[in-house]
Amino acid sequence: MTWPRREGARIGALVSNAPSIASTPSIRIRTANARSIDPRGDFVLYWMIASRRARHSFALDRAIEHARALGKPLLVLEPLRVGYPFASDRFHRFVLQGMADNAARFAETGVLYHPYVEPEPSAGKGLLAELAARAAVVVTDDYPAFFLPRMVKSAAARLPVLLEQVDSIGLLPMGASDRVFTTAYSFRFFLQKNLKEHLAHRPNPDPLKGLDIPSLAALPKGVAKRWPRASEALLSGDPAALAALPIDHSVPVSHIQGGAAAGEARLREFLKSGLPLYATDRNDPDSDAASGLSPYLHFGHISAHEVFSSLMKREAWRPEQISGVVNGQREGWWGASPEAEAFLDELITWRELGIVMCSHREDYRSFDSLPDWALKTLAKHEGDARPTLYTLAELETASTHDPLWNAAQRQLVTEGRMHNYLRMLWGKKVFEWSRSPREALETLITLNDKHAIDGRDPNSYSGILWVFGRYDRAWGPERPIYGKVRYMSSDNTAKKLKLKGYLARWSGPNGQSAPLNAGE
DNA sequence: ATCGGCTCGCGCAA
DNA sequence: TGCGCGAAGCCGAT
């Protein structure tokens, strides 16, 4: 293995350091430092940074287990920084809506929930340490991308007590595989052999119900004064409160409502009206078959386990229906309806393929992480003439000659999401219109990280790197710029899909190509 | 609209 | 070592 491997293997010895106290699968728990539990601590601290929810969470379950075993109360800290890359009104509003839901769910449970929003960069420095100094043990979320691994690593070194990272991300624990997969096909072989044993272990759907741990009435002295609870104005969506924060106000809030309640509502709606069409219509922008769940999955407002169990309940499915075939095929493994199998392939195979990649490789978003065949063919065509070139600003403002591409870009900038199928075309064209594939990759990551609510996610990087050949194969005939990397064109896409409504909705103010004002 | 052929490298199973 | 097959490809024939 020549690529940079993540430190701290997710399998083997490190996992077994975790105190075995109850039912959270040990394969999902990693000790982040070598400290121990301090039985004199006043409470158990759950540092909620990725799975931002109060239900269906292994991390919350684990924190409660500690609290129960120690006879201590539980304090939940959900922070939101302002200094992270691309912090904007859009992402803040989404996370704040989640905080409002969490505040409602933790209220009157005896668990003290502290949502903290930084008023200025680094204002939150010291808060975690201050709380950890009084804690018996700290539990946090294990998340394999963006700045989170670095942040947890540096916190782990400083905290005086045991810090555990708990993986609540997917149906397959990150610790269940010790390798990455080059195609969805080969990952399916692995899932078909290994996933079943993990399906039996689910997070508690409602761990706050009938909770039998001591209550915590107040934060330690001085904490509330220096790091006060997020204001009601922020939690209730007051635009003025958001405007006062030092974040990027040029990326406006989306109409897509954040939070666990909105995510669960979206799930219900999808199962009712989207899923029946999913097998046939999910790629058509004009039909409404897509799940729309990725923003909620990204911020942890909804859990993959909850999506899975709601889906399978609707299917009246039982685990015995798994066929047992190990063939890498998309359909025929679960023994569920075709539309359910199609959706499960998205939710599990494709989503977790990227999670596994990020959890094992530090370079998951770098150009050099592409497969050899792609690097080779891209290098061969690096010098090809590129007749159409656009700058980042031209792309960001949807100012190209291509109405379909502009429409997709406008949807991204306006709504904070882009139709799933069009994302691929969108990426291929940026590749074609950039001076080099490396530059195209940077452009795509920037546009997506900045505007997409579900950006900065393992899945986003899967989709973007797919444009350059990751998880794909060589395709003939060899073409200029693309080489053997799969080619796509707007004309063919327009022929293949129903786009009338989509183009009408996302065309510019005065017709096809009027540029968008991105406010920069 | 739907179909087959094009094309290639990988990873599974042996 | 050989074989089967692949996230969304294209093209031309029917």
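Predicted, not measured: the structure shown is a model, and the values here were computed from it.

Tallying secondary structure elements over chain A gives 22 helices and six strands in all. Over its C-alpha trace chain A gives a radius of gyration of 23 Å, about what one expects of a compact globule, namely 24 Å for 520 residues. If you line up chain A on its principal axes, its C-alpha atoms span 70 × 55 × 45 Å. Residue burial in chain A is summarised as follows: out of 520 residues, 58% are buried.

Before going further, it helps to examine unusual backbone geometry. Unusually for a residue other than glycine, Ser-122 sits at a positive phi of about 70 degrees. Structurally, Ser-122 can be placed in the loop between β4 (112-117) and α4 (127-132). On the accessibility criterion, Ser-122 (42% relative accessible area) is partly exposed. Of note, Ile-481 is a non-glycine position whose phi angle comes to about 65 degrees, a positive value.

Our focus in this paragraph is the side chain of Ser-254. Tracing the sequence through the fold places Ser-254 in the loop between α10 (239-243) and α11 (260-281). You can call Ser-254 buried: its relative accessible area is 12%. Within polar-contact distance, the side chain of Ser-254 engages the backbone nitrogen of Ile-256 at 2.9 Å. Separated by 2.7 Å, the side chain of Ser-254 and the backbone oxygen of Glu-415 make a polar contact. Apart from residues lying up to four places away in sequence, Ser-254 is in contact with Arg-90, Glu-415 and Ile-453.

Within the structure, DNA strand B sits among Arg-179, Thr-182, Ser-186, Phe-189, Lys-193, Trp-373, Arg-473, Ala-474, Trp-475, Gly-476 and Lys-484. Taking the atoms of DNA strand B that fall within 4 Å of the protein, sugar and phosphate contribute 76% of them. A distance of 3.4 Å is found between a phosphate oxygen of DNA strand B and a side-chain nitrogen or oxygen belonging to Lys-193. At a separation of 3.1 Å, a base oxygen of DNA strand B approaches a polar side-chain atom of Arg-473. Ranked by residue count, the leading element in the surface near DNA strand B is helix α6 (residues 184-194), at three residues. Class assignment for the residues of the surface near DNA strand B results in four nonpolar, three polar and four charged.

For the rest of this paragraph, the subject is the environment of Asp-384. By the element assignment, Asp-384 lies in the loop between α15 (372-380) and α16 (392-396). Once you skip the residues sitting within four places of it in the chain, Asp-384 turns out to touch Pro-480 and Ile-481. Looking at Asp-384, its side chain comes within polar contact range of the side chain of His-381, at 2.6 Å.

Bringing the protein's contact with DNA strand C into the picture now. Neighbouring residues of DNA strand C: 21 residues in total, closest Trp-350, Tyr-421, Trp-475, Arg-486 and Lys-496. For DNA strand C, the fraction of atoms within 4 Å of the protein that belong to sugar or phosphate moieties is 52%. One nitrogen or oxygen atom from the side chain of Arg-188 is found 3.3 Å from a phosphate oxygen belonging to DNA strand C. Taking Arg-473, its side chain carries an N or O atom lying 3.3 Å from a base nitrogen of DNA strand C.

Scanning the entire structure with this criterion turns up 26 salt bridges. Between Asp-38 and Arg-40 there is a salt bridge whose closest N-O contact spans 3.1 Å. The class of Arg-40 is exposed, set by a relative accessible area of 71%. Among the ionic pairs, Lys-450 bridges to Glu-396, the shortest N-O distance being 2.9 Å. Pair noted here: Lys-450 is in helix α19 (residues 437-451) and Glu-396 is in helix α16, with a separation of 54 residues, a long-range link. Using a relative accessible area of 9% as the deciding quantity, one classes Glu-396 as buried. It is possible to trace a salt-bridge network through shared partners that takes in Arg-55, Arg-105 and Glu-264.

What counts as what
- Residues numbered from 1 in each chain as written.
- Chains lettered and ligands numbered in written order.
- Predicted model: local features only at pLDDT ≥ 70, side-chain atom pairs only at ≥ 80, totals over all residues.
- Heavy atoms only, no water.
- Helix = DSSP H or I, 4+ residues; strand = E, 2+ residues; numbered from the N terminus.
- Rg over C-alpha atoms; globule rule 2.2 N^0.38 Å.
- Buried < 20%, exposed > 50% of the residue type's maximum accessible area, 1.4 Å probe, protein only.
- Polar contact = N/O pair within 3.5 Å; in protein donor to acceptor, adjacent residues only side chain to side chain.
- Contact = heavy atoms within 4.5 Å.
- Near = heavy atom within 4 Å.
- Nonpolar A, V, L, I, M, F, W, Y, C, P; charged D, E, K, R; others polar.
- Salt bridge = Lys/Arg side-chain N within 4 Å of Asp/Glu carboxyl O.

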